[in-house]
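Here's the letter readout for the chains.
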Amino acid sequence: MGSGGGGGRWWRVDHFVVSSTFAFFLASSMLLGSIATLYAWLVFTPRSPATLSAIGCQEDNEGSWSIGVFYGDSPFSLKPIEAVNLYRDESAAWPVANPVFTCASPSDAGFPSNFVADPFLYAQGDILYLFFETKNSITMQGDIGVARSTDKGATWQHMGIALDEDWHLSYPYVFDYNGQIYMMPEGSAKGDLRLYRAVDFPLKWTLEKSIIEKPLVDSFIINHDGKYWLFGSDHSRIGTIKNGQLEIWYSSSPLGPWKPHKKNPIHNTKKSMGARNGGRPFIYNGNLYRVGQDCGETYGRRVHIFNVEVLNEDEYREVEVPLSLPEPNKGRNAWNGARYHHLDIQQISSSEWIGIMDGDRVPSGDAFRRFILGCASVTTLFALVILMGVLLGTVRCIVPLSWCPHSMGKRSDSLLAWERPNLFCSKLRQFCGRLNRATCFLRGKIKQNNYLGKLVLTFIFAIGVMLTCFGTKSMYGGNGAQEPYPLKGQYSQFTLLTMTYDARLWNLKMYVKHYSRCSSVREIVIVWNKGKPPKLDEFDSLVPIRIRVEKENSLNNRFKVDTLIKTRAVLELDDDIMMRCDDIERGFKVWREHPNRIVGFYPRLVNGNRLKYRAEKHARRHKGYNMILTGAAFVDSQLAFQMYWSEEAKAGREVVDKYFNCEDVLLNYLYANASSAKTVEYVRPAWAIDTSKLSGVAISRNTDEHYQIRSNCLLKFAEIYGSLTKRKAEFGWRKDGWDV
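These figures come from a predicted structure and were not determined experimentally.

Trainee: Mind laying out the overall build of the chain, listing which residues take part and the relevant values?
Mentor: What the chain contains, in helices and strands, is 14 helices and 36 strands. When the 740 residues of the chain are sorted by exposure, 54% land in the buried category. Intrachain contacts of the chain at a sequence separation of at least 6 include 65% that bridge at least 24 residues.

Right, here's the structure in full:
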């Protein structure tokens, strides 16, 4: 009877403990889940479905490799394609920018690919063929793809898969011999090095022969001083340092037989020294150069160039020389910001040198690393939740009593006999018991109602919030890059232009540092309206800065014709507006879709019989807009600037000077007056901060007075250029949801 009563009492107590603990964990999960959701909503911007292939371009632990093009008068003066100002009207790429070939190129053609890498060129007159490794999104195996270009590599047409075997293929080294075209891809998983011959170039190849029964990686063949030399790495040898080994073989024919160099292995050193091949060798001014890859910090970190000084059957000597390629400096926002490991340099029919390079914005294993960090954050967060529950008294034991056999009352003799030889189980019970006793110790030392207890609980909660955000970012935030958005497979760049004066220098420095990191920003132009201009070295910028000092302080200077601007797209952005690079990139993508419009982030609606300037809430309330403020908007520099400084706009410019206001309103009226089609386009930013409110240098401090002046401008401009009231664009018409 007494035993039964005690059991009922403990059941009720245990039932209460379980219930309160469950409620605590449920409330904690809901709170932390809400924090994670809010963080994701504020920080993460969904990528447009149109920018990603439906069947390819999936996140891959090997990386997100893509391919870029470089031009120069020599192999040592190469510049990226955006520096030579090649324009393509059909994709509004003014200019075309790297990368020129991505995973979307084969994927959109029906050949799903996670990445493209190891590019090799083959030229036939003015036509360039690009052979590359493409990782199949379905089989997760490397195949050899081929693309074709008729404009020196600015645009590429994916032709198909040139070679697909049952094993991984990469590094498709293509060359001529005796009037035939050969390909020697890496297929080390098969255990040998194979040579293929084109039977219907470029898509049909047949196996010619296996030339070496060794699993060589990243190999090439070159004719030098009357012999054929084969360079490759054998990572299967005992004592080989992976990515730090190089062997040389020689023969009288690419078909063999091949003899090993007397000094083999030529290199077996640190993997950062460039031993592993990284592209096609080339000859310049009679000298032979080899491309090697540095795998020190991560696989394929960068390429090195080596001048081969001695190459014969007995000796080999090479010395590193500078490549002089511009080093990517925008980190993950650059297509090759984390690594670039392959370079093919050739002289084409125009006598110009062209370089084709692969690049990746993330290091090797980035996806797996982020997953592990996310799991570690969640595990630590769970431990902190338990700790907080213990301190609050809602968690009475870390290991529930029902899980601990030694706490279940009297044990039978048979159970004791089973436990004796199982030392691990005994130790585990002791550990669980100590954990549970620790809860009483903690509650005794830290009282939740005193100052120390509240401080500890606050600290634990703050750490929990940080871990929640970090774990959410690691597991669901992608690779952290704020990437540009392609249009019709091509990327481009724009010029960032802001107008300011000496009192706003603090804003300006922060502005330049932030926006110079955005992927598509080519140059920042500062229109200096008043005061002594700063020196260029005062700014922390990753792109060129140009300060255009104006003679008079006029808002019309914002749209002055500037022949030094090399891009058609100009982002007019006030120096007190801070937005994410991703929002800027989305706006640029929309402008490229509609380059004849003002595309921006601040919509306004002008309507009614009595024209009155109102805030964005008015446009939202009436579900439409007909004006975009150019304090944050993309325009066509040729169209907008010439229109603004035309004779027809003279009367409007005088109004701007009179009120020292309304230059953005005037440009909207000029656009509308010049076309009956839609002239404005809205893109909603995830967030935007007005930093002038922090520094006290806002130009329009009196909102009512500012709005009254702009209302006067509306009346003036309507008289001169006609009304905007009948031109209304609706929110939310875009399929990607960027204008909601």
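Trainee: Explain unusual backbone geometry residue by residue, including any values.
Mentor: Backbone torsion omega between G256 and P257 reads 0°, so that peptide bond is classified as cis. Mapping P257 onto the fold places it in the loop between β14 (245–251) and β15 (259–260). In this chain, N264 is followed by P265 through a cis amide linkage whose omega measures -10°. Along the polypeptide, P265 turns up in the loop between β15 and β16 (267–268). The backbone phi angle of A92 is positive, close to 50°, even though this residue is not glycine.

Trainee: Quick rundown of helix α11 (residues 650–659)? Include the residues and the values.
Mentor: Burial in α11 covers these residues: G652, R653, V655 and V656. The arc that holds every buried residue of α11, seen down its axis, measures 155°, which confines them to one face. Here the buried face of α11 lies against α10 (637–644), α12 (663–674) and α14 (703–721). Two residues or fewer after α11 comes F660, characterised by a positive phi angle close to 50°.

Trainee: Could you give an account of the sheet that holds strand β21 (residues 339–347), naming the residues involved and the relevant values?
Mentor: Strand pairing in a sheet relies on backbone hydrogen bonds. The paired strands run either parallel or antiparallel. Judged by pairing direction, the sheet is antiparallel, and its 4 strands sit side by side in the order β2-β1-β22-β21 without closing on themselves. Two strands in the sheet have a free side with no partner beyond their single neighbour: β2 (79–80) and β21. In terms of strand pairing, strand β1 (residues 66–72) meets β2 through 2 bridges, oriented antiparallel. Note on β2: the bridge partner recorded for F70 is P80.

Trainee: Account for α14, naming residues and giving values.
Mentor: End to end, α14 covers 26 Å across 19 residues, agreeing with the expected 27 Å (1.5 Å per residue, within 8%). Residues H706, I709, R710, S711, C713, L714, F717 and Y721 constitute the buried set of α14. Contact partners of the buried residues in α14: α11 and α12. Positioned one or two residues after α14, G722 has a phi angle of 100°, which is positive.

Trainee: Please give an account of the pairing of strand β12 (residues 216–224) that cites residues and values.
Mentor: Among the 9 residues of β12, 8 are classified as buried, and the element is accordingly described as predominantly covered. Where β12 lies against strand β13 (residues 227–234), 7 bridges are found, and the strand directions are antiparallel. Across the sheet, the residue bridging to I222 is W229, located in β13. Here β12 folds back onto β13 in antiparallel fashion, the turn holding 2 residues, of which D225 has a positive phi close to 55°.

Trainee: How would you explain the sheet that holds strand β20 (residues 316–321) if you had to name every residue and give the values?
Mentor: Spatial strand order, β17-β18-β19-β20: 4 strands in an open sheet with antiparallel pairing. In this open sheet, the two edge strands, each paired with only one partner strand, are β17 (282–284) and β20. Within the sheet, the average angular offset between the axes of one strand and its neighbour, ignoring direction, is 40°. As defined by bridge partners, strand β18 (residues 287–294) adjoins strand β19 (residues 302–311) across 7 bridges and the pair is classed as antiparallel. Counterpart to D294 in the pairing with β19 is R302.

Quick notes on the rules
- Residues numbered from 1 in each chain as written.
- Predicted model: local features only at pLDDT ≥ 70, side-chain atom pairs only at ≥ 80, totals over all residues.
- Heavy atoms only, no water.
- Helix = DSSP H or I, 4+ residues; strand = E, 2+ residues; numbered from the N terminus.
- Buried < 20%, exposed > 50% of the residue type's maximum accessible area, 1.4 Å probe, protein only.
- Contact = heavy atoms within 4.5 Å.
- Arc of directions from axis to C-beta.
- Pairing = 2+ DSSP bridges.
- Expected span 1.5 Å × (residues − 1).
- Axes fitted to C-alpha atoms, helices over the stretch in contact; angles between N-to-C directions.

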